[in-house]
Each structure stands twice: as structure tokens, then as C-alpha cells.
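# Structure at a glance
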Amino acid sequence: MANKTLVPGRGVNGRDRAERRLAVRMTAPSLVIMALVAAVPIGYAIWLSLNQYSVRTAGLSRFVGLENYISALSSSEWWAAFGQTFLFAGLSVSLELALGTAMALLLNLAFKGRALLRTVVLLPYAIITVVSAITWQTMFQPNMGLVTNVLSALGLPGGDVVWLGEHGYAMAVIVLADVWKTTPFAALIILAGLQVISSETYEAAELDGASKWQAFVHITLPLLRPAIVLAAIFRTMDALRVFDLPFVLTRGANGTESMSMLAYTQLRENRLVGEGSALSILTFLTVMVVSVIYVRFAGGNIREVAKEEQ
Amino acid sequence: MSTLTAERPTAEPATRPRAPKRRLRGEAKLNPLVWVFVVAVMGFSLIPFYWLVNTSLKKGASLSQGELFPSQPTFENYLVVFQNPEFLLALRNSVIIAVVTTTVALVFASFAAYALARLKMRRKALILTLILSVTTFPAIAIAAPLFSIWREIGLYDTLLGLIIPKLTFALPLAIYTLTSFFKEIPRELEESAYMDGATPFTAFRKVILPLAVPGLATTAILVFISVWNEFLLAVTLTTSPEARPVPVAIAFFSGTSEFDQPLGTISAASVIITVPLVILVLLCQKRIVSGMTAGAVKG
């Protein structure tokens, strides 16, 4: 574009400096708030996690080094919560990506009622997670839930199961509730990716005699990769932090306790501030490691976006 | 919109023209299988809502037998909810927390987002990465220490004590969304303001902010929904009905008596707080979609 070279003020040093100064002043309030309420507490959490500290007997604080971490890492509870959280994240994110991609393809087709479909698909996003959990709880109530009733009416297995009372079934309900609420998010990100693929690419493929399926595998999927990876990152980070769904649906019973829930239980219910802090730092580290791995190996586009920002 | 993107500094050669939005493939001749899928998706999205409303209208035997349609629909559950002082308090708390957090986040985030989108700045990529990394923090990592700090300085179980940490998570979301909205505003507008002798801040306040109102509205909706929805901080940092917001109140809702099946009243309360958000989504559907996808894929 020709007008780019005309940008005035390029050589004007005064404005340059004024701009930089303004930029610092404009970002400072947000950065200060985030530093005070994110970085400082995390630093404090690390300190707390190195102490034995009980709220029950106020003020009792004793430096114990890594003892809280050692006891957490050698406990079966932590590894169970760790495994369950990853099981939940793996199941729900892969379902959300598959279903989200299918939904996005559907929403990208031109048909009467597309606008209605888009609105309907978006509705679960409006419901708060706690309510979504309650909704699915009522659907799977023994004898009085919609799903259990329909299953027994059809003579299918599962009608007489206490869904939230058994590990595998409870996990299925938790995954389903998450898929229901957040698939729209994945679908919209992927739809945005679909809409920047130009229709000429498909026309060219069609001229070359490619079938629809070939076009999907060789054009759509590769071009959609950045959008799918982005949706995967957002959804995985969220899934690894899961708290509301198991809290409402099972209170963590039947082996559905997530990492966040375990830390919460130690902290609030058992009043073990030191151990609770160690568990929350471990949760934090786990999520960090996963996000770094993601950006490294799957999210080449994320780094490019970051570079472009410079 | 395509005219705006054409003016972005990454002056691309004409090899990638934007496809006109209306020309979509497969028009009219939809495979019947696709219709089956459309119906399945609609059912999957809507049936849980139906069941929630259905449950909220039932009492006693009608509830415990799980009738597909309430044979004697009753609004009694709703009456119980509205007469519950704890629920009303929770509603008030949620409104205060969400409104204050959204407003403050929007003010600070619009400054930061403008600087990041437009101004010359050192270490911009690093700052953006730091801001984005806050969104990946598990809330429990700050909930645990805040639980201790707040108890010592008296912010535990107060509205302010919830607003501050929620702001920390609302800010990056707002900054991220607003940055991509600000980038879409043509640069020429500021340039002409500079020509007229405006300072960068005046250009921001008088030229950019008014143009960014749709983006600000979109961001406000997204932030409001996420703050309203947030649960972990709310449940960790509050203990009394005076400070509890709606999600926590509902999670701890119990029946009027031990023998009462509280599912009816819980469902009624759930419907009550879902209706306003559903209306918001219906009204602002386009905005929500553009906000959720802003900057994500447009690049």
C-alpha cells in the first residue's frame, strides 16, 4: 500500500518518545493489578507451601521445606486427581474438537435456518457452569431423569444405573456436561478459521477433479490446523483447571476429584494451608508445562502471531 | 471489514483476495444426512434446557416420577426461590461484582489494549505474552494464597475481596479482545487527528474510543458472562450469604426440609438466573461470536 510510506511522524523523535511514554503509562495500571493479584499471591503460595501452617491453631507456622510436596507427590490422592484430570481433559477436548469441527462445517454451509442454528448452538454458552452441572444432574437422576427414563423405557442398558454413583458413569456425565457447554466455543473458533479459506481454493481443486472428501482432507483440514490448535489450547487449559463440574455433580466422590478440587478440599475443608498450597502450585506447574508443550510442538502459528505483534 | 483488513500494514500482494462472504458452497442442495445432523445438534443443545424448565415446574410425585411433561405444572418452586433471602442476596452480590469488575476491567484494558495495538512500545511481545499467560493460571493457584492474605487483611468474605481477584482474570480477556478490535480501526483516522495537532492520548480519547464502542460492548458482554460464571474464587473466598454470588448460592442450595427433594427449587433458581443470560445471547449473538473469535484466527 502506497500510503504506508507516507506515515508522518516517523522521523519526528519527539512524538516517538511521547508515544512510548504514553504506552507505558497506559499499560501500567493493568500490569500492576495483574502483578499484585497474580504474581504476589503465587509467590506467597510458594512460601506457604514450604510451611506447615494450620488455620485451626492460628499463627502456627513452621518451615518444613519440601515436605508438603513430598507428601503430596507420594500420596495416591494427588496421582488419582492428576490422572482423572487428564482423563477428563483428553476425553472432553477431543470430543469438543471433533464435534466443534463438524458443527463449524455445518454452520459454514449456506442453508435456510443457518442463523437459527448458530443461535441455538450458542445458547449453552450462556448458561453458567454450575447450572449446566445441575441440568445434567437432573437428566441423569435415577428414576426421575430424562436420560434414565428414556433408557429404561426403550429397554436399553443404563436406565437403572446410579450414574453419578459409579466412577465410569460419573466421569461420562461430567464429560458430557462440559462438551455440551463448551463445544460452541470450539466451533466458533474453527468457523472463523473456515471463513478465511477462500472459495477459489476449492474451485481449483474441483477443476482438478478432487472429490469433496479429498478436498476436505487435503485443503480444509491443513488450512484449519491453526484454528483447531488454538481451540485445543484454550479448551485444554480450561479442562485441566476443571472445578465446578465435579464440585456440583459429585463433590469429587467416586474418583472424579480433579487437581483443583483436591487442592480446594485440603485448603478449605481440611484447613491444611501448607499442603493445599503445595497442591495448588503443583496444579499450576502442570498446567504451565502442558501449555509450554502445546505452544512448542503444536502451536507454530501462536509463535508467529506473537512475532507479528512486535 | 474486508476493506479494513486490506489497509493493514502487512501489505500483502494481491494473491490472497478475500472471498465474498455470501458465496457459499453447497447452497440449497443439502444432503438429507446433513439435515439429520442439524436436528441432532439442535436437540443436543436444547433438550437439557427443556428438562431444566420441566423439572422446575414439578413438585412431589410429578417430580420423583420424572414425567416427560409436568401433569400439574406449578410455579411454587419459583415462589420459594424468590422468598429465599439468601438467593436474593446472592443475586444482588452477583450483579454488583459483575458490573464493577466489568466496568473497571474495561477502563484499564482499553488503555492497555490501545497501547498494545497502536503505540510504539518496547518489549511489546513480552508484555502480551505475560498478559496472555495470566489467562492460563489455574484460579486455585491464586485462591489458596488469597484465602490466607484476605483473612489477615480483612478482605475475606467481602465483595471487594472477590472483585479484585476476578479483575485479574477479566483484564487479560478484555485486553486480548480489545487489542484485536483496535487493530481493525483504520490508522488514517489517528494520523489526521495528529495533523490537527492532537496528542496521541487525545487521538485515543476523541477519535478511537468512540469508534471502538461496538468492540467495547462486545468485550463487556464477554467479561460480564465470564465473571458471572466464575466459581472457584467465589467459593474459596466467601463463606456467608452476605458475600456469596449466585453460582455458589445455587451450589449450596438445599431444600426447605430434610425430606424435601430440592431439585425442583434448584432448577427454578437455575432457570431464573439463566433467562437473562439467554436473552443477552439472543440479542447480542453476533457480538458474542465476533468477540469470541476476535484476533483468534483473523491473524
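Keep in mind that what you see is a predicted model, and the values were worked out from it rather than measured.

Conventions adopted
Residues numbered from 1 in each chain as written. Chains lettered and ligands numbered in written order. Predicted model: local features only at pLDDT ≥ 70, side-chain atom pairs only at ≥ 80, totals over all residues. Heavy atoms only, no water. Helix = DSSP H or I, 4+ residues; strand = E, 2+ residues; numbered from the N terminus. Contact = heavy atoms within 4.5 Å. Areas by Shrake-Rupley, 256 points an atom, 1.4 Å probe, with all protein chains shown as cover. Buried area = accessible area lost by both parts, 1.4 Å probe. Salt bridge = Lys/Arg side-chain N within 4 Å of Asp/Glu carboxyl O. Polar contact = N/O pair within 3.5 Å; in protein donor to acceptor, adjacent residues only side chain to side chain. Phe/Tyr/Trp six-rings, centres within 6.5 Å; stacked < 30°, edge-to-face > 60°. Buried < 20%, exposed > 50% of the residue type's maximum accessible area, 1.4 Å probe, protein only. 1 Å grid on protein atoms, 1.4 Å probe; cavity = no way out; pocket = protein on both sides within 12 Å on 5 of 7 lines; lining within 4 Å. Points joined across faces, edges and corners; volume = space filled by probe spheres on them. Nonpolar A, V, L, I, M, F, W, Y, C, P; charged D, E, K, R; others polar. Axes fitted to C-alpha atoms, helices over the stretch in contact; angles between N-to-C directions. Parallel < 35°, antiparallel > 145°, perpendicular 65-115°, else oblique. Left-handed = near helix turned anticlockwise from the far one by under 90°. Lys, Arg positive; Asp, Glu negative; His and termini not counted. Arc of directions from axis to C-beta.

### Notes on the overall build of chain A
A count of helices and strands for chain A gives 13 helices and two strands. Of the contacts formed within chain A by residues at least 6 apart in sequence, a portion of 64% connects residues at least 24 apart. When the accessible surface of chain A is totalled, it reaches about 13,700 Å², and 64% of it is carbon and sulfur.

### Points about the interface of chain B and chain A
Counting residues at the interface gives 122 residues for chain B and 109 residues for chain A. Overall, the association of chain B and chain A removes approximately 10,400 Å² of surface from exposure, summing both partners, and the carbon and sulfur fraction of that is 74%. Here lysine 120 of chain B ties to glutamate 19 of chain A by a salt bridge, and the two come within 4.0 Å at their closest N and O atoms. Our count for the chain B to chain A interface comes out at 16 residue pairs in polar contact (both at pLDDT 80 or more).

### Some remarks on the packing of aromatic side chains
For any two aromatic rings, the description comes down to two numbers: the centre-to-centre distance and the angle of the planes. Overall, the coordinates contain 31 aromatic pairs over all chains when judged by the stated rule. Taking the centre distance of 4.7 Å and the plane angle of 55° together, the rings of phenylalanine 140 of chain A and tryptophan 163 of chain A count as tilted. Residue phenylalanine 140 of chain A is found in the loop between helix H5 (129–139) and helix H6 (146–153), and its partner tryptophan 163 of chain A is found in the loop between H6 and helix H7 (167–195); the two are separated by 23 residues along the sequence. Given the relative accessible area of 12%, tryptophan 163 of chain A is considered buried. On the basis of an interplanar angle of 75° and a centroid distance of 4.8 Å, the ring pair of tryptophan 163 of chain A and tyrosine 169 of chain A is categorised as edge-to-face. Taken together, the ring pairs in this structure connect Trp136, Phe140, Trp163, Tyr169 and Trp180 of chain A together with Phe44 and Phe49 of chain B into an aromatic cluster.

### Concerning empty space enclosed by the protein
As enumerated under the stated definition, the model contains five cavities of 30 Å³ or more in all. In this structure, the largest cavity occupies an estimated 60 Å³ of space. What lines the largest cavity is simply Gln84, Thr85, Phe88, Met171, Ile174, Val242, Pro246, Thr256, Glu257 and Ser258 of chain A. At the level of secondary structure, the elements contributing two or more residues to the lining of the largest cavity comprise helix H3 (76–108) and H7 of chain A. In this structure, the second largest cavity encloses a volume near 40 Å³. Taken together, Ser94, Ile97, Ala98, Lys166, Val227, Trp228, Glu230, Pro245 and Pro247 of chain B form the lining of the second largest cavity. Taken together, the elements giving at least two residues each to the lining of the second largest cavity come down to helix H5 (85–118) and helix H11 (213–229) of chain B. For the lining of the second largest cavity, the element with the highest residue contribution is H5 of chain B, accounting for three residues. Its residues assigned to classes, the lining of the second largest cavity comprises six nonpolar, one polar and two charged.

### Some words on the environment of valine 213 of chain B
Residue and element names in this part refer to chain B. You can see valine 213 is positioned in helix H11. Relative accessible area serves as the criterion here: at 47%, valine 213 is assigned to the partly exposed category. Sequence-wise, valine 213 and glutamate 190 are 23 residues apart; in three dimensions their C-alpha atoms are separated by 16 Å.

### Quick look at unusual backbone geometry
Residue and element names in this part refer to chain B. The backbone of arginine 123 sits at a positive phi, close to 55°, despite the residue not being glycine. You can see arginine 123 is positioned in the loop between H5 and helix H6 (124–135). Judged by relative accessible area, which is 61%, arginine 123 ranks as exposed. If you check the backbone angles, aspartate 157 has positive phi at about 65° while not being a glycine. Of note, aspartate 157 is situated in the loop between helix H7 (139–153) and helix H8 (159–183).

### Here's the deal with the environment of alanine 144 of chain B
By secondary structure assignment, the location of alanine 144 of chain B is in helix H7. On the basis of relative accessibility, which here comes to 1%, the residue alanine 144 of chain B falls in the buried class. Along the primary structure alanine 144 of chain B and arginine 187 of chain B are separated by 43 residues, whereas in three dimensions their C-alpha atoms are 44 Å apart. Those residues in contact with alanine 144 of chain B that lie beyond four places of it in its chain are Leu267, Ser277 and Ser280 of chain A.

### Some words on the packing of helix H2 (residues 32–56) of chain B against helix H14 (residues 263–283) of chain B
Residue and element names in this part refer to chain B. With their axes 7 Å apart at the nearest point, H2 and H14 run at an angle of 130° to one another. Taken together, the axis directions place H2 and H14 in an arrangement best described as oblique. The way H2 lies across H14 gives a crossing that is left-handed. Mapping the contact onto sequence places Phe49, Leu52, Val53, Thr55 and Ser56 in H2 and Leu263, Gly264, Ser267, Ala268, Ser270, Val271, Thr274 and Val278 in H14. The residue inventory of the contact of H2 with H14, partitioned by class, reads seven nonpolar, six polar and no charged.

### Here's the deal with the side chain of aspartate 157 of chain B
Residues and elements named next belong to chain B. No salt bridge is formed by the buried aspartate 157. Its closest oppositely charged neighbour is arginine 244, at 6.8 Å. A distance of 2.8 Å separates a polar atom in the side chain of aspartate 157 from the backbone nitrogen of threonine 239. Contacts of aspartate 157, omitting those with residues within four sequence positions, involve Leu237, Thr238, Thr239, Ser240 and Ala243.

### Remarks on the packing of H8 of chain B against H11 of chain B
Residue and element names in this part refer to chain B. Contact geometry for H8 and H11: axes closest at 10 Å, N-to-C directions at 150°. The angle between H8 and H11 falls in the class roughly antiparallel. Once H8 is placed against H11, the crossing between them reads as right-handed. Taken together, the residues of H11 that come into contact with H8 (itself represented by Lys166, Ala170, Leu173, Ala174, Thr177, Leu178 and Phe181) are Gly215, Leu216, Thr218, Thr219, Leu222, Val223, Ser226 and Val227.

### Points about helix H9 (residues 188–195) of chain B
Each full turn of the α-helix corresponds to 3.6 residues, which orients residues three or four apart in the same direction. Residue and element names in this part refer to chain B. Three or more residues of H9 are buried, namely Glu190, Glu191, Ala193 and Tyr194. For H9, the angular spread of the buried residues around the axis is 160°, confining them to a single face. Immediately beyond the C-terminal end of H9, within one or two residues, lies glycine 197, with a positive phi of roughly 90°.

These results come straight from atomic positions and should not be treated as a statement about function.
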